[in-house]
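Here's the letter readout for the chains.
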Amino acid sequence: MIFKQIINILIVAAPYGLIYGIMALGVFITFRILDFPDLTVDGSFPLGAAIMALFIVNGFNLYIALFISFLGGITAGIITASIHNYIKVPGLLAGIITMIMLYSINIRILGGSNLQILKRKTILTNIIDLFNKTNIPEELILIIFFIIIVIIIKLLLDLFFHTDLGLTLRAMGDNTQMVLNQGINPDILKLIGVGMSNGIVALSGAFFAQYQKFADTNLGQGIIITGLASVIIGEFIIRSNKIFLITLSVVLGATIIQTVEITGRMYGAYVFLKPTDLKLIKGFLLIVILGISIILKQRKKTNKKIRTGLTL
Amino acid sequence: MKKLLIIIFSLILIIPVFSAEKKNSKIKIGISKIVSHPALDSVEKGIKDELKEMGYNNIKYDLQNANGDINAAKMIAEKFKQDKVNVAVGIATPTAQALVGTITDIPIVFSAVTDPEGAGLVRNTQKGDANVTGVSDLTPVEQQIHMLKKIIDIKKLGIIYSSNEVNSITIAKLTKKACKMLKIKYIEATVVNSAEVKMAAESIIDRVDAIYISTDNTVVSAFSSVVDVATRRKIPIMSADPSSAAKIDVLAAYGFNYYKMGRVTGKVIAEILEGKKTIDMPTRYMTDQDSLDLLINLDVAKNLNIDIPKYIKDAATIIIENGKIINK
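None of the values given here were measured: they were computed from a predicted structure.

Description of the overall build of chain B
Step number 1: Helix and strand content of chain B: 13 helices and 14 strands.
Step number 2: The buried share of chain B, reckoned over its 328 residues, is 53%.
Step number 3: Considering only intrachain contacts with a sequence separation of at least 6, the fraction spanning at least 24 residues in chain B is 70%.

The following block contains the structure:
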């Protein structure tokens, strides 16, 4: 009985975890690799959703639409990085500026504050139609589809971070001076990194709109917190400095957060929890995890003074 | 001396120009709505149509949309204050609250506000306030749940509402009360923004016989998600808003015609323009039976294997069958 309930929760939580996992991969690039606190995400997530919804409503080619959403996100990221690079605005503020500008742009794209795409053909309905005869439940088809998408994005990222450019990006977050000494312009690297990050976030937004069957300007509200929490929880579960494992941990982190959320929503009432308390619980969870990480880190330092720099 | 004379003369010349302009000047009405969705849009249209029909042809409307942003609603209120509009209209609770919080010397008419007292717009709905009156859209929750129980014998009812909208909380309380009276188990799920609606629906869908969606702006803007989840599990949805229900697959919708509520709001505005004091104008409720519409979607009923009793079909004002909308 309990087993059945757990499966049920996982089936509901998995699509959210995977879609938000894509977003978290984007957040991971800026926060962990570039060390650039980027809040553009709150705007680029609904941007991807808005572009996708607009094209769906107009019956445009869905895969080109997905690509345009991706490009839209990249543009948003490049704008943030440009504000930071050329007007010398701190990264945090640059992201906020782009984020608020995107609010207006998203309303322009949607032609209002929301757009409903129920009954429209989307990539997801196409996939479901494709496997309609196989008797696999729709939920499962979608979960498998999202797993494949996440794996593709993850593997492409893994590959990218093993190229010269990717390695330089990783180096820059740790030590800008080293990159400068190599004769590489860090400004260009930031353009590429922040652009790519927001492109991935917008892609996640595009899938989210199709999954939810609508796009809304407020979709991105506070989504950066979900992204960050995914990265932090992921790091807690899998401690590694191998990019393959780190990207995997980010997706796992996102899935765990969504599972907690769903569990809270479904069974919170039994322990007098309201859905509005979930944010408080998420906060506590993060505090505990961050606290434990720091304690573990200190213990490691005192035990083995020689080994340094590998964890976190 | 010469200069002073010139100034006095020019002032004498200017003053009549000003007063003449005041007489010919158009009536300015500022309408601020929280978000653009079919129900609120038809309130706006109802107001304009009613005033036009009453012979006000010289009204200049300033139509503003806050797009769901409470800060934007505040800015709109500031704008109306600066522009010195004759009447400021707030459609939906947050925009009306922003107007009342900002403007103290211009008559404010609220519309589509569920609980004017709870939202702090008026101290008492039996009377108006110094510069505030309006029309409440308190939906007849009890009748709606009763109607739903007549259509299908439900034992467990789910409701999804946003925990940061005052009117949604009021309706949730009324729903709970109505459920208790009708011996239905009440199950709720709350959301903070539209991104959570689908998840909220999924969290209760296995525990309910039907879902009731009221006049909640956040949930209505994500209505497709609820319909998607409910259709998959073959759970019927009852909505409180027939005007938007034709576009979205709900089994039944029972509630106000928001357009007619707009017309009533238009009448209230006209009374103020004619000089009536808001303090003498109690909050209006849409108690008129004629303004209640019942929409039944037979296509959805067929899909859910539900037989709609004949007397309900006869009572319905809008029936959707084979994709066609039949108005009675």
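Moving on from the model shown.
A few points about the overall build of chain A
Step number 1: The number of helices and strands found in chain A is twelve helices and two strands.
Step number 2: Taken from the N to the C terminus, the helices and strands of chain A come in the order α-α-α-α-β-α-α-α-α-α-β-α-α-α.
Step number 3: For a compact globule of 312 residues, the expected C-alpha radius of gyration is about 20 Å, and chain A comes in at 20 Å, within 12% of that figure.
Step number 4: Expressed along its principal axes, the backbone C-alpha trace of chain A runs to roughly 55 × 50 × 35 Å.
Step number 5: Each of the 312 residues in chain A was classed as buried or not, and the buried ones make up 45%.
Step number 6: Of the contacts formed within chain A by residues at least 6 apart in sequence, a portion of 78% connects residues at least 24 apart.

Let's talk about the confidence of the model for chain B
Residues and elements named next belong to chain B.
Step number 1: Chain-level statistics for chain B give a pLDDT mean of 87 and a share of 92% at 70 or above.
Step number 2: Scored below 50 in pLDDT, residues 19–24 makes zero contacts in the model with residues more than four places away or belonging to other chains.
Step number 3: ipTM for the predicted complex: 0.81, alongside a pTM of 0.79.

Comments concerning helix 3 (residues 62–86) of chain A
Step number 1: Across its 25 residues, helix 3 of chain A extends 35 Å between first and last C-alpha, which sits within 8% of the 36 Å expected from 1.5 Å per residue.
Step number 2: Note on helix 3 of chain A: the residue one or two positions beyond its end, Lys88 of chain A, has a positive phi of about 55 degrees.

Some words on the pairing of strand 6 (residues 156–162) of chain B
Residue and element names in this part refer to chain B.
Step number 1: Taken across its seven residues, strand 6 has six buried, putting it largely inside the fold.
Step number 2: The pairing of strand 6 with strand 7 (residues 185–191) spans seven bridges and is classified as parallel. If you follow Ile159 over to strand 7, its bridge partner there is Glu188.
Step number 3: Regarding the hand of the β-α-β motif, the stretch spanning strand 6, helix 6 (residues 166–181) and strand 7 is right-handed.
Step number 4: Pairing between strand 6 and strand 8 (residues 210–213): three bridges, direction parallel. Its bridge partner being in strand 8, Gly158 is matched across the sheet by Ile211.

Focus: the interface of chain B and chain A
Step number 1: If you look at the interface, chain B gives 24 residues, while chain A gives 25 residues.
Step number 2: Only strand 7, helix 7 (197–204) and helix 9 (223–233) of chain B provide two or more residues apiece to the side of chain B that touches chain A.
Step number 3: With six residues, the top contributor of residues to the side of chain B that touches chain A is helix 9 of chain B.
Step number 4: Of the residues assigned to the side of chain B that touches chain A, the class counts are nine nonpolar, eleven polar and four charged.

Digging into the domain arrangement of chain B
Residue and element names in this part refer to chain B.
Step number 1: Domain boundaries in chain B define domain 1 (26–137 + 258–288) and domain 2 (141–256 + 290–327).
Step number 2: For domain 1 and domain 2, the distance between their C-alpha centres works out to 28 Å.
Step number 3: Elements that contribute at least two residues to the side of domain 1 that touches domain 2 include exactly helix 2 (38–53) and helix 11 (258–273).
Step number 4: The leading source of residues in the side of domain 1 that touches domain 2 is helix 11, at four residues.

A word on the confidence of the model for chain A
Step number 1: Residue-level pLDDT values for chain A average 90, and 97% of them are 70 or greater.
Step number 2: The element-level mean pLDDT for chain A is lowest in helix 12 (residues 278–303) of chain A, coming to 84, with helix 3 of chain A highest at 97.

Regarding the nonpolar core
Step number 1: Counting 186 residues, the largest nonpolar core has Met52 and Ala53 of chain A together with Ile160 and Val226 of chain B as its most contacted members.
Step number 2: Considering every element that reaches this core, the biggest residue donor is helix 1 (residues 2–34) of chain A, with 18 residues.
Step number 3: Both domain 1 (26–137 + 258–288) and domain 2 (141–256 + 290–327) of chain B contribute no fewer than three residues apiece to this core.

Comments concerning the environment of Ser82 of chain A
All names here are of chain A.
Step number 1: Considering the arrangement of structural elements, one finds Ser82 in helix 3.
Step number 2: Ser82 gets classed as partly exposed once you count the C-beta atoms within 10 Å, which come to 18.
Step number 3: Put simply, Ser82 and Gly173 are 91 residues apart on the chain and 17 Å apart in space, counted from C-alpha to C-alpha.

Regarding helix 3 (residues 70–83) of chain B
Residues and elements named next belong to chain B.
Step number 1: Helix length check: helix 3 (14 residues) gives 20 Å between terminal C-alpha atoms against 20 Å at 1.5 Å per residue, within 8%.
Step number 2: Looking only at helix 3, the buried set comprises Ala73, Ile76, Ala77 and Phe80. Buried positions in helix 3, seen along its axis, are confined to an arc of 100 degrees and lie on one side of it. Across from the buried face of helix 3, at angles greater than 90 degrees, the exposed residues are Asn71 and Gln82.
Step number 3: Against the buried residues of helix 3 lie strand 1 (27–33), strand 2 (59–65), strand 3 (87–91) and helix 4 (93–102).
Step number 4: With its phi angle positive at about 50 degrees, Lys84 sits one or two positions after the end of helix 3.

Thoughts on the pairing of strand 14 (residues 324–327) of chain B
All names here are of chain B.
Step number 1: Both strand 13 (residues 318–321) and strand 14 contribute to a ladder of four bridges, which runs antiparallel. Directly across from Ile320, in strand 14, lies its bridge partner Ile325.
Step number 2: The loop that links strand 13 with its antiparallel partner strand 14 comprises two residues; one of these, Asn322, has a positive phi angle of about 50 degrees.

Things to note about the sheet that holds strand 13 of chain B
Pairing between sheet strands relies on hydrogen bonds along the backbone, with the strands arranged either parallel or antiparallel.
Residues and elements named next belong to chain B.
Step number 1: Read from one edge of the open sheet, eight strands run 7-6-8-9-10-12-13-14, paired in mixed fashion. Every interior strand has two partners, whereas the edge strands, strand 7 and strand 14, have only one. The average angle at which neighbouring strand axes cross in this sheet is 20 degrees, direction not considered.
Step number 2: The pairing of strand 8 with strand 9 (residues 237–239) spans three bridges and is parallel. The residue of strand 9 that forms the bridge with Ile211 is Ile237.
Step number 3: Along the sheet, helix 7 contacts strand 6 and strand 7; its crossing angle with strand 7, the most-contacted strand, is approximately 155 degrees.

What counts as what
- Residues numbered from 1 in each chain as written.
- Chains lettered and ligands numbered in written order.
- Predicted model: local features only at pLDDT ≥ 70, side-chain atom pairs only at ≥ 80, totals over all residues.
- Helix = DSSP H or I, 4+ residues; strand = E, 2+ residues; numbered from the N terminus.
- Buried ≥ 20, exposed ≤ 12 C-beta atoms within 10 Å, placed from the backbone.
- Contact = placed C-beta atoms within 7 Å.
- Rg over C-alpha atoms; globule rule 2.2 N^0.38 Å.
- pLDDT = per-residue confidence, 0-100.
- Expected span 1.5 Å × (residues − 1).
- Pairing = 2+ DSSP bridges.
- Right-handed = clockwise from strand over helix to strand, strands pointing away.
- Nonpolar A, V, L, I, M, F, W, Y, C, P; charged D, E, K, R; others polar.
- Domains from an automatic or database assignment.
- Core = buried A, V, L, I, M, F, W, Y, C linked by C-beta atoms within 7 Å.
- Arc of directions from axis to C-beta.
- Axes fitted to C-alpha atoms, helices over the stretch in contact; angles between N-to-C directions.

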